[in-house]
Amino acid sequence: MQRALFLKIAIIGLLIILLVIPLAMTSNLVHERQQRHQEVVTDIATSYAGAQQITGPVVAIPWTRIRLTVRPAIGEHPEVREETRTSGIHYLFPSELDVSGDLGTDTKSRGLFHARVYQWQGLMKGRFEWPDELPVETREGDRLEVGQPYLAVALDDPRGIIGQPRLEWNGQ
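First, a word on scope: everything that follows refers to the structure included in this document.

Cut-off values and rules
- Residues numbered from 1 in each chain as written.
- Predicted model: local features only at pLDDT ≥ 70, side-chain atom pairs only at ≥ 80, totals over all residues.
- Heavy atoms only, no water.
- Core = buried A, V, L, I, M, F, W, Y, C linked by side-chain atoms within 4.5 Å.
- Buried < 20%, exposed > 50% of the residue type's maximum accessible area, 1.4 Å probe, protein only.
- Helix = DSSP H or I, 4+ residues; strand = E, 2+ residues; numbered from the N terminus.
- Pairing = 2+ DSSP bridges.
- Salt bridge = Lys/Arg side-chain N within 4 Å of Asp/Glu carboxyl O.

## Concerning the nonpolar core
General note: in soluble globular proteins, nonpolar side chains tend to be found buried as a group.
Stage number 1. By size, the foremost hydrophobic cluster in this structure holds seven residues: Val-59, Ile-61, Trp-63, Leu-92, Phe-128, Leu-134 and Val-136.
Stage number 2. Sorting elements by how many residues they give to this core places strand S1 (residues 54-71) first, with three residues.
Stage number 3. Formed by five residues, the second largest nonpolar core is a distinct cluster that contains Val-40, Phe-113, Ala-115 and Val-117.

This is the structure:
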């Protein structure tokens, strides 16, 4: 009786060992495939633009303040006129901004693996309130030179731009 019980326990133990081996092999295969899937998703993501964040639009207005300082004559030393230039950029944000668009998805494949990529066809409409004066500290006698304003839009990854962006300003 004990011999039969021992034989049954030995057979059950052998079956458990025989079943654990393929289970471990399958587990390793699943882990390798998950790792490969992540590599493919990362590879596809780096071949396209990554996550995007759009900042803007803003109007950048470069300026230069020219300050003339006059030091009076002292003894034999003549009067000294000194010109100091300070430059900066004033950023003008839109008073109204409407951002809209269509977000589409596409599936890219590499072998057994798939990754989803997104495409946004966007439209930004804004309205800027132009200031009468730039908020630059000036004193009497200072001269303020304003440079050519330009529109600035910042994008995290410029590879994400497909085609030529279009700008319409004042209906033109």
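## Considerations on the pairing of S1
Stage number 1. The sheet contact formed by S1 and strand S6 (residues 150-155) spans five bridges and is antiparallel. The partner of Val-59 across the bridge, within S6, is Leu-151.
Stage number 2. Judged from the four bridges that link them, S1 and strand S5 (residues 143-146) form a sheet pairing that is antiparallel. In the strand pairing of S5, Trp-63 is matched with Val-146.

## Let's talk about the pattern of salt bridges
Stage number 1. Per the stated rule, a full pass over the model turns up eight salt bridges.
Stage number 2. Across the pair Arg-110 and Asp-43 runs a salt bridge, and its minimum N-O distance is 2.3 Å. Of this pair, Arg-110 sits in strand S3 (residues 96-110) while Asp-43 sits in helix H1 (residues 2-47), and the two are 67 residues apart along the sequence.
Stage number 3. Among the ionic pairs, Arg-143 bridges to Glu-145, the shortest N-O distance being 3.2 Å.
Stage number 4. On the basis of relative accessibility, which here comes to 44%, the residue Arg-143 falls in the partly exposed class.
Stage number 5. On the basis of relative accessible area, Glu-145 is assigned to the partly exposed category, the value being 35%.
Stage number 6. The network of salt bridges with common partners includes Glu-96, Arg-127 and Glu-129.

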